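Spelled out, the chains give:
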Amino acid sequence: MSTESLFKPFQYKNLQLKNRIVMAPMTRAQSDNGVPTQQIADYYARRAASEVGLILSEGTVINRPASKNMQNIPDFYGTEALNGWKNVIDAVHKNGGKMGPQIWHVGDTRNSPDYPLVDMEKASTMTLEDIQDTIAQFAASAKSAKDLGFDVLEIHGAHGYLIDQFFWDVTNTRTDEYGGKTLKERTRFAVDIVKAIRAAVGEDFTIVIRLSQWKQQDYSTKLANTPEEMENWLLPLKEAGVDIFHCSQRRFWEPEFEGSDLNFAGWAKKITGQPTITVGSVGLQEDVMGAFAGKGTEKADLTELTRRLERGDFDLVAVGRAILQDPEWVKKVKEGKTEDLLDFSAESMAILY
Ligand SMILES: Cc1cc2nc3c(=O)[nH]c(=O)nc-3n(C[C@H](O)[C@H](O)[C@H](O)COP(=O)(O)O)c2cc1C
């Protein structure tokens, strides 16, 4: 099996990557009170040193009262947390890597052991003032990412968190300009965030957005049921300033619509003409949901992945658990040491190595 296609350089705007492999954003919740530690810097630097082309950070939150659902999720605002992130990006650069933070707001998934909501505090509909401030805080975090020296940034618009809650008709029942019957209307919140971020970071800085059809609240739901619906979702985001679409699936080989074997990243690229990132069970047999139920899974080969990459379906490939498990995953793949690749064990999720 040739993995050559994974090791071709990638260039877009200001972003130059030595290969096509992206570390997927993975929450570790080990940043003390929101401040990334030296251990976190070492964890990312280790992956940079082992040739991960682009690292996307764990979700890191904006300056809004309910933006995170675990205390030790890192903040992306405030002097202390931003100093912590400066230490991270400097360590990654020193080890030859490139990195972007994944900027996040958890929306009404806030209720958690760290932040139990009493009835009075139950998630309520955002006022227009809340919305305007949230947009402004996304832009402020984006500006900080650029100022700290990060190479890109990713907006977390997936998996049933705040931005995705606006996309989805089940959670967005607003009757004002941020709601609406069509997906295009419900994309307005994300569009306004992208525009504000673009204004804050300038034309050359690469903006990635992560999107998913699936929600943690419902794995089988779809926002776009046809390519036309997908156009109404993605084209406004492209127009607003998105550069790269990061298309989250649980299994990258699954076709998005009947009648074609293209996956989500394949359709997003075809529709927008922009670079896309695929993700979902790369190098592993079973999907990520098992991991949260404490299940490991065996390694898998990359034949189907490289077939699609060579065909031009997508430009970049994000890898989650395989790189969480093994900092040297990319190096081993590059050197053809397939026998040294590791199976995934769920215990590794608690270890920051
Ligand atoms: C421990 C863990 C934490 C995760 N945290 C995030 C996150 O913060 N943001 C996000 O967009 N996805 C998150 N994900 C999903 C991954 O980015 C990825 O999409 C998923 O694991 C599928 O890729 P894989 O099959 O290669 O692991 C997380 C996954 C894991 C295993």
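Per an unreviewed UniProt entry, the chain is named 2,4-dienoyl-CoA reductase, and its organism is Chryseobacterium soldanellicola.

Draft legend 1. Representation of the overall build of the chain within the structure. Along the backbone of the chain there are twelve helices and ten strands. Projecting the C-alpha coordinates of the chain onto the three principal axes gives extents of approximately 55 × 50 × 40 Å. For the chain, the proportion of its 353 residues judged to be buried stands at 58%. Look at the contacts in the chain between residues 6 or more apart in sequence, and 75% of them connect residues 24 or more apart. In the structure as shown, the chain presents an accessible area of about 14,600 Å², 48% of it carried by carbon and sulfur atoms. Taken as two groups, the 41 positive and 51 negative side-chain charges of the chain have centres that lie 3 Å from each other.

Draft legend 2. Expanded view of the sheet that holds strand β7 (residues 206–212). Around the barrel, which closes on itself, the eight strands sit in the order β3-β4-β5-β6-β7-β8-β9-β10 with parallel pairing between neighbours. Strand after strand, the sheet turns through a mean of 25° between neighbouring axes, direction not considered. Note that strand β4 (residues 54–61) and strand β5 (residues 99–104) share five bridges and pair parallel. Bridge pairing in β5 links Ile-55 to Met-99. Sheet strands touched by helix α1 (residues 38–49): β3 (21–23), β4 and β5. Its angle to β4, the strand with the most contacts, is close to 155°.

Draft legend 3. Representation of the site of the ligand within the structure. Taken together, 18 residues lie near the ligand, and Pro-25, Thr-27, Arg-210, Ser-281 and Arg-321 sit nearest. For the ligand, an oxygen atom lies 3.3 Å from a polar atom in the backbone of Gly-59. At 2.8 Å from an oxygen atom of the ligand is found a main-chain nitrogen or oxygen belonging to Gly-320. Contact with the protein chains covers 94% of the free accessible surface of the ligand, which is 610 Å². Tallied by class, the residues present in the shell around the ligand amount to eight nonpolar, eight polar and two charged.

Draft legend 4. Seen up close, the nonpolar core. Counting residues in hydrophobic clusters, the biggest one holds 87 residues, and the most contacted among them are Tyr-44, Leu-153, Trp-233, Leu-237 and Trp-329. Ranked by residue count, the leading element in this core is helix α6 (residues 188–201), at seven residues. Each residue touching Trp-329, except ones within four places of it in the same chain, is listed here: Ile-21, Val-282, Gly-283, Leu-302, Val-319, Ala-322, Ile-323 and Leu-341. Listed in part, the 14 residues of the second largest apolar core include Phe-10, Ala-24, Val-152 and Val-279.

Draft legend 5. Molecular detail of the pattern of salt bridges. Within the structure shown, the criterion is met by 23 salt bridges. A salt bridge links Lys-334 to Glu-51, with the nearest nitrogen and oxygen atoms 3.0 Å apart. In this pair, Lys-334 sits in helix α12 (residues 329–334) while Glu-51 sits in the loop between α1 and β4, placing the two residues 283 residues apart along the sequence. Taking relative accessible area as the criterion, Lys-334 reaches 45% and is therefore assigned partly exposed. Here Arg-251 ties to Glu-254 by a salt bridge, and the two come within 2.6 Å at their closest N and O atoms. Of the residues examined, Glu-254 reaches a relative accessible area of 31% and is grouped as partly exposed. Where salt bridges share partners, they join Asp-261, Glu-304, Arg-307, Arg-308, Arg-311 and Asp-313 into one cluster.

Draft legend 6. The arrangement of α1 in detail. Under the 1.5 Å per step criterion, the end-to-end length of α1 is 16 Å for twelve residues, consistent within 8% with the ideal 16 Å. What α1 keeps buried is the set Ile-40, Ala-41, Tyr-43, Tyr-44, Ala-45, Arg-47 and Ala-48. Looking at the buried positions of α1, the neighbouring elements they touch are β3, β4, α2 (79–94), β5 and α11 (321–325). Among the residues trailing α1, Glu-51 stands out with phi positive, at a value near 75°.

Draft legend 7. Representation of the packing of aromatic side chains. Within the structure shown, the criterion is met by twelve aromatic pairs. For the ring pair Phe-166 and Phe-189, a centre distance of 4.0 Å and an interplane angle of 25° mean the geometry is stacked. One end of the pair, Phe-166, is in helix α4 (residues 162–167); the other, Phe-189, is in helix α6, and 23 residues separate them in sequence. No difference in accessibility class separates Phe-166 from Phe-189, as the two residues are buried. Joined through ring pairs, the aromatic side chains of Phe-76, Trp-85 and Phe-150 make up one cluster.

Calculation rules
Residues numbered from 1 in each chain as written. Predicted model: local features only at pLDDT ≥ 70, side-chain atom pairs only at ≥ 80, totals over all residues. Heavy atoms only, no water. Helix = DSSP H or I, 4+ residues; strand = E, 2+ residues; numbered from the N terminus. Buried < 20%, exposed > 50% of the residue type's maximum accessible area, 1.4 Å probe, protein only. Contact = heavy atoms within 4.5 Å. Areas by Shrake-Rupley, 256 points an atom, 1.4 Å probe, with all protein chains shown as cover. Lys, Arg positive; Asp, Glu negative; His and termini not counted. Charge placed at Lys NZ, Arg CZ, Asp CG, Glu CD. Pairing = 2+ DSSP bridges. Axes fitted to C-alpha atoms, helices over the stretch in contact; angles between N-to-C directions. Near = heavy atom within 4 Å. Polar contact = N/O pair within 3.5 Å; in protein donor to acceptor, adjacent residues only side chain to side chain. Nonpolar A, V, L, I, M, F, W, Y, C, P; charged D, E, K, R; others polar. Core = buried A, V, L, I, M, F, W, Y, C linked by side-chain atoms within 4.5 Å. Salt bridge = Lys/Arg side-chain N within 4 Å of Asp/Glu carboxyl O. Expected span 1.5 Å × (residues − 1). Phe/Tyr/Trp six-rings, centres within 6.5 Å; stacked < 30°, edge-to-face > 60°.

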